[in-house]
Amino acid sequence: MRPYKYSLLLCIAVAAMASSCKKSLVAANIDPETLYSVDPGNQFQTASVALYNSYEFYGDYYRDINPWMQYTVPTLGNIAGFNVPSAFNTRYGNFYNGVGNALADIPPLIAKMSAADQAARVYENDIANIYMAFYAFYVSDINGSIPYTQAFQARYGGTITPTYNTQEDLFDTLDVQIKAAVTSLETTQPVTQVLYGSQYDGFFGSSSNEVMEWIKAGNALRLKIAMRLMNQEPSALQTIANDVLSDPNQMSSVADSWMMTQGIEWINGQSDNSNPAIMWATQPLVNFMKSTGDPRLSMFYRPIEHTTNTFAGCPPSPDSSLSNKAGFTDSTFSTVQHKLFGPGYIEPEDGGVATNGTSFIPLLTYAEYCFLRADLAARGITGDPAQTWYTNGITASINFYYQRTNAALIGIYTVTQDSINAQTGRYLTASGIAYNPAIGTQQIACQAFLDFYRQPSEAWAWWKRTGFPNTTSVLAWSPVTYSGVVLPLPRRASLTAPLTTAPNYTNIEAAYNAMLAQPAFGTSLADDQGRVWWDQ
């Protein structure tokens with residue numbers, strides 16, 4: 001994807017509109033007669049901007065998933081209950097009051113137009129369906145059953161008490177939805193199509209071929225979702241993989257990566273919940289990256305204060321003698337590269353002034369696509385060469401982060417592309433990195449883990465699906481204990497029983513009871529050690 005920024009003026013306008021309309025939108029969501037006469041692009045833009053939620057960054061990523069995955073530790077070290085989710089599952093509310101509700105407005109808005117205008121907006125519907133499928137999958141991934149087929153329809157004559165799609169049914173529904181959208185986008189329409197373009201599409205709108213980029217993203221998304229079927233429906237996984245890969249339109253470079261990019265007015269990193277100052281490097285990751293000569297080390301973490309190339313990670317285990325709760329300092333340990341998370345963060349070398357770097361949120365990068373292809377091949381599901389896709393994935397990941405590090409305007413990072421190319425070549429031959437078919441799936445998972453540094457939720461999902469990394473894998477985690485007892489990691493969101501007075505109580509209760517009947521879902525709704533359907 002080519003970097004793209006909405007103008008600051010436009011962002012201010014959207015924010016102002018969101019603030020002034022908040023109360024009316026609450027009523028509109030349950031009013032079947034409400035149908036706004038706005039350009040569908042406005043709603044697509046609203047859904048795109050809503051992708052970033054500072055509470056999710058702070059509560060879900062910085063405080064929970066990042067420490068679980070041993071990407072980072074907080075300033076005072078991990079405590080006894082760090083493995084218990086806190087202020088978690090922001091994505092659920094963000095879907096129903098942010099992303100999904102805005103996208104659900106698009107088909108009715110188009111249907112309200114003249115026949116000629118409807119014919120010119122087929123592709124806009126398709127693109128919205130792909131993005132909607134991504135976020136619905138993202139929500140169900142840790143929640144299980146969710147309202148989907150009947151959701152968002154109250155204002156258009158639908159029900160205010162939607163039934164829940166089971167995760168199994170939802171994944172099937174989403175695959176059909178994405179495939180239909182991709183097929184439609186690949187079909188030449190009889191009239192010229194109106195597209196969201198750079199005005200509304202912050203993902204691919206600035207691309208020279210917006211439609212093709214969405215086709216590639218849709219195909220990659222089908223593979224991503226299908227991989228969750230590995231344990232429950234392996235035959236369906238193989239069928240979907242073969243179907244997807246029969247399409248010649250596939251991701252082929254870092255430029256195809258599906259992500260949102262913006263300026264510091266979107267994800268500041270200095271003045272809101274996305275401030276990454278609480279995150280410090282971890283021993284397992286820093287030690288592994290140092291020992292293998294990983295070019296991403298200085299992209300992910302900052303060297304110790306007053307040094308140029310000395311990195312040290314903090315211990316992730318609460319039992320470690322170094323986790324003294326007095327607070328880690330950058331004269332002893334490495335912090336994250338703050339600007340990679342929020343380019344508005346002011347580093348010492350910035351002279352007290354924020355630089356105008358570019359922020360980003362990756363949804364599905366080319367590197368991830370490569371690792372999906374490699375994993376499918378290593379497991380014998382496809383006939384692809386696993387080593388080729390593994391190597392492509394590593395190379396793509398390094399180049400992706402190199403581009404994002406430079407775009408974030410990190411002042412202390414001055415590595416050239418030629419140097420990165422040379423480092424990458426050496427890295428691919430390092431011990432534990434050079435592909436070994438005997439441990440191929442482990443190596444692929446560990447490299448995908450490194451690539452998911454800015455997608456911790458996907459790292460968590462791969463860990464659940466593959467079991468890697470772990471304390472004995474090629475990239476070895478530290479054992480995490482408190483008083484000598486291993487602290488288990490959560491595997492799903494903790495759910496809360498609905499109030500009996502809730503308008504949709506009957507459907508919620510039915511969905512939750514059905515999940516509780518699954519053998520591994522857990523002992524209660526709140527049991528985050530339980531597993532959703534795909535993880536059983």
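Here the structure is shown first, and the text comes after it.
Cut-offs and rules
- Residues numbered from 1 in each chain as written.
- Predicted model: local features only at pLDDT ≥ 70, side-chain atom pairs only at ≥ 80, totals over all residues.
- Heavy atoms only, no water.
- Helix = DSSP H or I, 4+ residues; strand = E, 2+ residues; numbered from the N terminus.
- Rg over C-alpha atoms; globule rule 2.2 N^0.38 Å.
- Buried < 20%, exposed > 50% of the residue type's maximum accessible area, 1.4 Å probe, protein only.
- Contact = heavy atoms within 4.5 Å.
- Areas by Shrake-Rupley, 256 points an atom, 1.4 Å probe, with all protein chains shown as cover.
- Lys, Arg positive; Asp, Glu negative; His and termini not counted.
- Charge placed at Lys NZ, Arg CZ, Asp CG, Glu CD.
- Phe/Tyr/Trp six-rings, centres within 6.5 Å; stacked < 30°, edge-to-face > 60°.
- Lys NZ or Arg CZ within 6 Å of the ring centre and 35° of its normal.
- 1 Å grid on protein atoms, 1.4 Å probe; cavity = no way out; pocket = protein on both sides within 12 Å on 5 of 7 lines; lining within 4 Å.
- Points joined across faces, edges and corners; volume = space filled by probe spheres on them.
- Nonpolar A, V, L, I, M, F, W, Y, C, P; charged D, E, K, R; others polar.
- Core = buried A, V, L, I, M, F, W, Y, C linked by side-chain atoms within 4.5 Å.
- Salt bridge = Lys/Arg side-chain N within 4 Å of Asp/Glu carboxyl O.
- Axes fitted to C-alpha atoms, helices over the stretch in contact; angles between N-to-C directions.
- Parallel < 35°, antiparallel > 145°, perpendicular 65-115°, else oblique.
- Left-handed = near helix turned anticlockwise from the far one by under 90°.
- Polar contact = N/O pair within 3.5 Å; in protein donor to acceptor, adjacent residues only side chain to side chain.

Caption draft 1: Representation of the overall build of the protein in the model. Scanning the protein from terminus to terminus reveals 20 helices and 8 strands. Its C-alpha atoms give the protein a radius of gyration of 23 Å, within 12% of the compact-globule value 24 Å for 536 residues. Structurally, the protein occupies a C-alpha span of about 65 × 50 × 50 Å along its principal axes. Relative to its full complement of 536 residues, the protein shows a buried share of 57%. At a minimum sequence separation of 6, the contacts of the protein that also span at least 24 residues come to 77%. When the accessible surface of the protein is summed, it comes to about 20200 Å², and 56% of that surface belongs to carbon and sulfur atoms. Charged side chains in the protein number 29 positive and 42 negative. The centres of these two groups are separated by 4 Å.

Caption draft 2: Region of interest: the packing of aromatic side chains. Applying the stated rule across the entire model yields 45 aromatic pairs. Ring centres 5.1 Å apart and planes at 65° place the aromatic pair Y131 and F203 in the edge-to-face group. Within this pair, whereas Y131 is found in helix α7 (residues 122–143), its partner F203 is found in the loop between α9 (197–200) and α10 (210–227), the two being separated by 72 residues in sequence. F203 shares its class with Y131; the two are buried. Over the ring of W534 we find R228; its NZ or CZ atom is 5.1 Å from the centre of that ring. The ring of W460 is capped by K464, whose NZ or CZ atom sits 3.8 Å from the centre of that ring.

Caption draft 3: Local environment of the layout of surface pockets. Looking at the second largest pocket, its volume works out to about 700 Å³. Where the lining of the second largest pocket is concerned, the elements lending two or more residues are α12 (283–292), α13 (297–300) and α17 (417–427). Per-element accounting of the lining of the second largest pocket gives the leading share, 4 residues, to α17. Considering only residue class, the lining of the second largest pocket consists of 13 nonpolar, 13 polar and 8 charged.

Caption draft 4: Looking closely at the nonpolar core. Of all hydrophobic cores here, the largest spans 150 residues; its most connected members are M69, Y131, W214, W258 and Y301. It is α7 that contributes the most residues to this core, 14 residues altogether. Ignoring sequence-local partners within four residues, the contact set of M69 consists of F449, P456, A459, W460, W463, W477 and L489.

Caption draft 5: Region of interest: the pattern of salt bridges. Throughout the structure, instances matching the rule amount to 19 salt bridges. Among the ionic pairs, R121 bridges to D39, the shortest N-O distance being 3.7 Å. Pair noted here: R121 is in the loop between α6 (115–119) and α7 and D39 is in the loop between α1 (8–28) and α2 (40–49), with a separation of 82 residues, a long-range link. For R121, a relative accessible area of 12% corresponds to the buried category. A relative accessible area of 27% places D39 in the partly exposed class. Among the salt bridges present, the one from K339 reaches D350, with a minimum N-O distance of 2.9 Å. With K339 in helix α14 (residues 338–341) and D350 in the loop between α14 and β6 (359–364), this residue pair connects regions lying 11 residues apart in the sequence. Here K339 falls in the buried class, since its relative accessible area comes to 1%. When its relative accessible area of 13% is taken as the criterion, D350 is described as buried. Sharing partners across several salt bridges, the network here consists of D141, K224, R228, E368 and E458.

Caption draft 6: Inspection of the packing of helix α15 (residues 366–378) against helix α16 (residues 386–407) at higher detail. Relative orientation of the contacting elements α15 and α16 amounts to 160°, with a least axis distance of 8 Å. Looking at the two axes, α15 sits roughly antiparallel to α16. The element α15 and its partner α16 pack so that their crossing is left-handed. Taking contact as the criterion, the partners of Y366, A367, Y369, C370, F371, R373, A374, A377 and A378 in α15 are, on α16, A386, W389, Y390, N392, G393, I394, A396 and S397. Split into classes, the residues belonging to the contact of α15 with α16 amount to 13 nonpolar, 3 polar and 1 charged.

Caption draft 7: Structural view of the environment of G342. Mapped onto the elements of the fold, G342 is located in the loop between α14 and β6. Since its relative accessible area comes to 0%, G342 is described here as buried. In the structure, G342 is positioned 75 residues away from I267 in sequence and 5.5 Å away in space, judged by C-alpha atoms. Not counting residues within four places of it along the chain, the set of residues in contact with G342 comprises I267, N268 and G269.

Caption draft 8: A look at the side chain of S274. Looking at where S274 falls in the secondary structure, it is placed in the loop between β4 (258–262) and β5 (280–281). Of the polar contacts made by the side chain of S274, one reaches the side chain of Y52; its length is 3.2 Å.

Functional significance is not addressed by these values, which are geometric in nature.
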